[in-house]
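Analysis of the macromolecular model
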Amino acid sequence: MSAASCLLSEDQFLCSICLDVFTDPVTTPCGHNFCKTCITQHWDINIPYQCPMCKEVFYRRPELRINTFISEMAAQFRKSSQKKASSRSDQRCAKPGEVPCDVCTGTKLKALKSCLVCLASYCETHLEPHQRITGLKSHQLIDPVDNLEGRMCKKHDKLLELFCKTDQMCLCMLCTASDHKSHDIVPLKEEYEGKKAELGKTEAEIQQMIQKRRVKIQEIKRSVELSREDAEREIADSVRVFTSLMQSVERGQAELIDMIEEKQKTTEQQAEGFIKELQQEISELMRRSTEVEQLSHTEDHLHLLQSFPSLSAPPHTKNWTEVRVHRSSYVGSVRRAVAQLEETLSKEMKKLLEAELKTVQQFEVDVTLDPDTAHPHLILSDDGKQVNHGDVKKNLPDNPERFSRCTCVLGKQSFSSGRFYYEVQVKGKTDWDLGVGRESINRKGKITLNPKNGYWTISLRNENEHKANAGPGVRLSLKSQPQKVGVFVDYEEGLVSFYDVDAAALIYSYSSCSFTEKLHPFFSACFNDGGKNSAPLIICPVNKTDESPITSCIGGLTAAV
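The paragraphs below set out a description of the structure included in this document. Everything quoted here is computed from the prediction, not taken from an experiment. (Residues numbered from 1 in each chain as written. Predicted model: local features only at pLDDT ≥ 70, side-chain atom pairs only at ≥ 80, totals over all residues. Heavy atoms only, no water.)

In this section: the overall build of the protein. Along the protein, the regular secondary structure elements total nine helices and 23 strands. Its C-alpha radius of gyration of 55 Å places the protein more than 25% over the 24 Å reference for a compact globule of 561 residues. In terms of overall dimensions, the protein has a C-alpha envelope of 175 × 110 × 40 Å along the principal axes. The proportion of buried residues among the 561 residues of the protein is 32%. Taking contacts inside the protein between residues at least 6 apart in sequence as the whole, the part at least 24 apart equals 57%. Here the protein displays about 35,400 Å² of accessible surface, and carbon together with sulfur accounts for 53% of that area. For the protein, the distance from the average site of its 73 positive side-chain charges to the average site of its 78 negative ones is 7 Å. (Helix = DSSP H or I, 4+ residues; strand = E, 2+ residues; numbered from the N terminus. Rg over C-alpha atoms; globule rule 2.2 N^0.38 Å. Buried < 20%, exposed > 50% of the residue type's maximum accessible area, 1.4 Å probe, protein only. Contact = heavy atoms within 4.5 Å. Areas by Shrake-Rupley, 256 points an atom, 1.4 Å probe, with all protein chains shown as cover. Lys, Arg positive; Asp, Glu negative; His and termini not counted. Charge placed at Lys NZ, Arg CZ, Asp CG, Glu CD.)

A word on the pairing of strand 17 (residues 465-468). Going residue by residue along strand 17, you find H466 and A468 tucked away on one face and E465 and K467 left uncovered on the opposite face. Examined bridge by bridge, strand 16 (residues 455-461) and strand 17 share four bridges and lie antiparallel to one another. Paired with L460 across the strands is H466, a residue of strand 17. Between strand 16 and the antiparallel strand that follows it, strand 17, lie three residues; N462 among them carries a positive phi value of about 55°. Counting the residues in the hairpin turn of strand 17 and strand 18 (residues 474-476) gives five residues, including G471, whose phi is positive at 65°. (Pairing = 2+ DSSP bridges.)

Turning next to the pairing of strand 21 (residues 505-510). Relative to strand 21, strand 20 (residues 495-500) is paired through five bridges, and the arrangement is antiparallel. Its bridge partner lying in strand 21, S497 is registered against S509. Between strand 20 and strand 21, which follow one another and run antiparallel, lie four residues, and A504 among them has a positive phi close to 50°.

Moving on, we come to the pattern of salt bridges. For the structure shown, the criterion picks out 19 salt bridges. Close ionic contact of K155 with D179 constitutes a salt bridge, the shortest N to O distance being 3.0 Å. Taken together, the positions of K155 in the loop between strand 7 (141-142) and strand 8 (162-164) and D179 in the loop between strand 9 (169-171) and strand 10 (185-187) put the pair 24 residues apart, joining distant regions of the chain. Exposure remark for K155: the relative accessible area of 55% places this residue in the exposed category. Overlapping salt bridges, with partners in common, bring together K165, E191 and K195 in one network. (Salt bridge = Lys/Arg side-chain N within 4 Å of Asp/Glu carboxyl O.)

Looking now at the packing of helix 6 (residues 188-296) against helix 8 (residues 333-361). The interhelical angle for the contact between helix 6 and helix 8, taken along N-to-C directions, is 160°, at an axis separation of 10 Å. Between helix 6 and helix 8, the crossing angle belongs to the class labelled roughly antiparallel. Relative to helix 8, helix 6 is oriented so that their crossing is right-handed. Between helix 6 and helix 8, the residues in contact are V241, S244, L245, S248, V249, L256 and M259 and S333, V334, A337, L341, T344, L345, E348 and L352, respectively. (Axes fitted to C-alpha atoms, helices over the stretch in contact; angles between N-to-C directions. Parallel < 35°, antiparallel > 145°, perpendicular 65-115°, else oblique. Left-handed = near helix turned anticlockwise from the far one by under 90°.)

Attention shifts here to the packing of aromatic side chains. Remark: the centre distance and the inter-plane angle together describe each pair of aromatic rings, the angle taken between the planes. Under the criterion given, the structure shown has twelve aromatic pairs. Ring geometry for F363 against F488: centres 6.1 Å apart, planes inclined by 45°, an arrangement best described as tilted. Of this pair, F363 sits in the loop between helix 8 and strand 11 (378-380) while F488 sits in strand 19 (residues 484-490), placing them 125 residues apart in sequence. Classification of F363 by relative accessible area gives partly exposed; the value is 24%. Measuring from centroid to centroid gives 6.3 Å for F498 and Y510, while their planes differ by 70°, and the two rings are edge-to-face. Residue F498 is found in strand 20, and its partner Y510 is found in strand 21; the two are separated by twelve residues along the sequence. Both residues of the pair, F498 and Y510, belong to the buried class. A connected cluster of aromatic rings, assembled from ring pairs, spans W43, Y49 and F58. Between K318 and the ring centre of W320, over which it is positioned, the NZ or CZ distance is 4.8 Å. (Phe/Tyr/Trp six-rings, centres within 6.5 Å; stacked < 30°, edge-to-face > 60°. Lys NZ or Arg CZ within 6 Å of the ring centre and 35° of its normal.)

Put into structure tokens, the structure is as follows:
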């Protein structure tokens, strides 16, 4: 039956009414076949009864029986069709970027293999001859690839199956006998294995690079997260501080207004008392005046003489000559209120500066002096933490890094990003310079300390003259003589700040600086001055407290206040 079904066409198994494969096929007296349901429904509607195919009329409705032979053939055909459809559905159409079958017509299926001999690619159906026919089984099949012509030698039209290590190119067999004699030639597969191993290493390196970048992404995200936490904490702190300051201002203003209004109220009450008393006396005087006027017009001699003594005597009144309503004096009231506010602000500023100093101290770095940069008169301690001026000039090589005229020395450490802080004891010195300098600063001959020349420093001269070398210099009025100076740098923010560590006070800040190269800590012990300035500059460890500081942005808040 299977063989018979192969000889029949698909149309022979289709019902001419429903156009589908027969279901319970029956045969009419005229010999035509239909689905039992289809012909029955047709005759239920149409009278007279006739064949839908040849139009033969039956005067009586024919009795229909299922044609078992046709039924079995239709079932076999249906099963075969479903199998082919299933097999073809497994071979999906070639998508963009995929290699299509070169044999398929119409819709191109995805190729399963490419043949290096036939120079064609085949889907599963059209690959079948290569798996069945003996002559085709020997062909070299590979995973599907485009441009099979590119695998052929353009010169000899032969398959590229060798590799020349000397010229690093693929060859065919005929190439070895002409242009590549005596070259190092290996089979393509051998070179493929070697290159594949190299690709494995490359892939491992790439994966390592990917991993490093993923770690860097996490690091950046963590930095952003920490920055956001700092920003939120800073906003909360700034709101708290400014709210406190505004409340102090509002409270001071309210107290000043209350005091003024109270004084004015007292003045008004005093004036109202005087006016009431004066009005009472005026009423009494007006009554007396009326009586005197009436008496002066009387013709009764006796009555006038008898009333005169009581009316001629002056009435009992207050002497108002020295009575004054004193205007309340408000001179100095606003000044005193502002002075009190300044005292409050000063206390707040003190707290802020203490918090700011604690914050920047968290960025402490270990700084040591670089002997290769030190002026020959300078004496450095063995640990590189102290420097002072000596009277004897040492015989040292005049290398490019060394200061030749000014008694200066740089720190070994350099910084090109982030924030850093260090502290220097200046106790007992009459002259010194401290700060940071660019790596490219001039170190020979006379040096002028200012930002334009790459120096951000402050100085002490003549024991009590402090100055910021801002070019021109800025005279600094300090409440106390610093014994220990803290130096803080925020490279990205372009900020260099100096602190009196013991007083927790800001000495001076350079802001909006533009740093483009490495920065080194800068020190100048200045001349000995006959022993008056013999004390050393000492780089000290930071004495940190356990208190939690406000974040570093408090510096901006301090400036705003």
